[in-house]
Amino acid sequence: MLGLAKRVGARFLLTSTSEVYGDPLEHPQKETYWGNVNPIGVRSCYDEGKRTAETLTMDYHRGAGVEVRIARIFNTYGPRMCIDDGRVVSNFVAQALRKEPLTVYGDGKQTRSFQFVSDLVEGLMRLMEGEHVGPFNLGNPGEFTMLELAKVVQETIDPNAQIEHRPNTEDDPHKRKPDISRAKELLGWEPKVALRKGLPMMVQDFRQRIFGDHKEDSSKVTTA
């Protein structure tokens with residue numbers, strides 16, 4: 001893709017990830033932080049793959065003059081996500097709707113930051129339309145433990161939903177929170193949708209797709 005961008009003179013967007021920071025020793029994470037990544041761990045294929053992609057992108061920018069933009073995306077949620085993609089928000093929402101226990105790994109005190117998809121799209125558009133290469137953290141600085149997230153899902157869907165603890169996965173980052181000062185200053189961007197506002201919109205979409213609620217209104221649709 002970088003070779004294609006070079007040939008046709010395109011502006012290239014790399015959607016990188018907060019995983020480049022690994023299990024961070026700096027909190028919150030700034031773009032200047034180099035990360036704390038296990039290069040041979042069970043998560044390293046993804047972590048190091050994205051770090052390598054950033055390296056290649058910057059090499060093409062410096063060496064071949066390709067116009068590039070790099071976004072480091074933090075946890076994002078919203079409607080139309082894959083229901084069983086394994087991501088924590090979609091896991092919790094699908095489990096609560098299906099009356100299954102919400103699976104929390106480890107003690108549930110590890111933290112993540114969750115941004116609504118519309119905020120991410122706005123950030124990517126501003127990045128692509130602007131003049132700054134990046135990398136830019138695009139994420140919501142609102143920080144939640146996994147247990148807090150599970151409780152927000154309970155409040156939104158089913159107060160009686162059970163929480164089930166399971167052994168933690170290897171190399172699971174303990175903390176994750178973006179410093180978005182750079183995006184605020186250079187892109188004029190910051191997220192607007194809080195978790196308790198965005199989550200119900202995702203729940204509505206998941207409920208329709210899991211249970212087919214949208215079929216109830218199909219008989220009312222008329223053609224001109």
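Along each chain, residues carry numbers from 1 onward, in the same order as the chain's sequence is written. Where totals are concerned, whole chains, interfaces and linings use all residues; where local detail is concerned, this predicted model gives features only for residues with pLDDT of at least 70, and gives and counts side-chain atom pairs only at 80 or more. Excluded from the side-chain calculation are hydrogens and water; included are all heavy atoms of the structure.

**Some thoughts on the overall build of the protein chain**
Assigned secondary structure in the protein chain consists of seven helices and nine strands. We call two residues in contact when some of their heavy atoms are within 4.5 Å. Considering only contacts within the protein chain whose residues lie at least 6 apart along the sequence, 82% involve residues at least 24 apart. Looking at the protein chain as shown, the accessible area adds up to about 12200 Å², and 52% of this sits on carbon and sulfur atoms. None of His or the chain ends enter the tally, which takes Lys and Arg as positive and Asp and Glu as negative. Lys charges are placed at NZ, Arg charges at CZ, Asp charges at CG and Glu charges at CD. Side chains of the protein chain carry 31 positive and 32 negative charges; the gap between the two charge centres is 3 Å. Counting from the N terminus, the helices are the DSSP runs of H or I reaching at least four residues and the strands are the DSSP runs of E reaching at least two. Accessible surface is estimated by sampling points in the Shrake-Rupley manner with a 1.4 Å probe; for residues, cover comes only from the protein chains shown.

**Some words on the side chain of E31**
Inspection of the secondary structure assignment puts E31 in the loop between β1 (12–17) and α2 (44–64). For every residue, the accessible area obtained with a 1.4 Å probe (protein chains only) is divided by the maximum for its type, and the residue is called buried under 20%, exposed over 50%, and partly exposed between those limits. Whenever Lys or Arg places a side-chain nitrogen within 4 Å of a carboxyl oxygen from Asp or Glu, that contact is recorded as a salt bridge. Buried charged residue E31 carries no salt bridge. Nearest counter-charge: R182, at 5.1 Å. Identification of polar contacts relies on pairs of N or O atoms within 3.5 Å, with a donor-acceptor requirement for protein atoms, meaning one able to donate a hydrogen and the other able to accept it, and with residues adjacent in sequence counted only if both atoms are side-chain atoms. Reaching out from E31, the side chain makes a polar contact with the backbone nitrogen of N137 at a distance of 2.8 Å. Residue contacts for E31: discarding those within four places in its chain leaves Y21, R72, P135, F136, N137, D179 and R182.

**Remarks on the packing of aromatic side chains**
The aromatic pairing rule takes the rings of Phe, Tyr and Trp, using the six-membered ring of Trp, and pairs them if the centres are within 6.5 Å, calling planes under 30 degrees apart stacked, those over 60 edge-to-face and the rest tilted. For the structure on display, the rule yields three aromatic pairs. Note on Y21 and Y33: the rings are 6.1 Å apart at their centroids and 25° apart in plane angle, and the pair reads as stacked. Remark: Y33 occurs in the loop between β1 and α2 and Y21 occurs in the loop between β1 and α2; sequence separation between them is 12 residues. Neither Y21 nor Y33 differs from the other in exposure class; each is buried.

**Describing helix α5 (residues 146–157)**
What a helix is expected to span follows from its residue count: subtract one and scale by 1.5 Å. Compared with the 16 Å implied by 1.5 Å per residue over 12 residues, the 16 Å span of α5 between its first and last C-alpha is a close match. Those residues of α5 not exposed but buried are M146, L149, A150, V152, V153, Q154 and I157. Turning to α5, the residues buried within the fold contact α3 (88–97), β4 (102–105), β5 (111–113), β8 (143–145), β9 (163–166) and α7 (195–211).

**A few points about the UniProt feature "domain: NAD(P)-binding" (unreviewed entry) in the protein chain**
The residues that UniProt annotates with the feature "domain: NAD(P)-binding" (unreviewed entry) are residues 3–202. Taken as a whole, residues 3–202 contains 38% helix and 16% strand, while its terminal C-alpha atoms sit 37 Å from one another. UniProt positions are given in the numbering used here, feature names are shortened, and annotations may be inferred rather than shown by experiment.

**Some points on the nonpolar core**
Grouped burial of nonpolar side chains is what soluble globular proteins tend to show. Here, nonpolar core means buried Ala, Val, Leu, Ile, Met, Phe, Trp, Tyr and Cys residues that are tied together by side-chain atoms lying within 4.5 Å of each other. Residues Y77, V89, F92, V93, F114, L149 and V153 are the most contacted members of the largest nonpolar core, which totals 27 residues. Per-element accounting of this core gives the leading share, seven residues, to α3. Aside from chain neighbours lying at most four places away, what touches F114 is N75, Y77, V88, V89, N140, G142, F144, M146, L149 and L195. With 11 residues, the next largest nonpolar core counts A71, L120, L124 and L138 among its residues.

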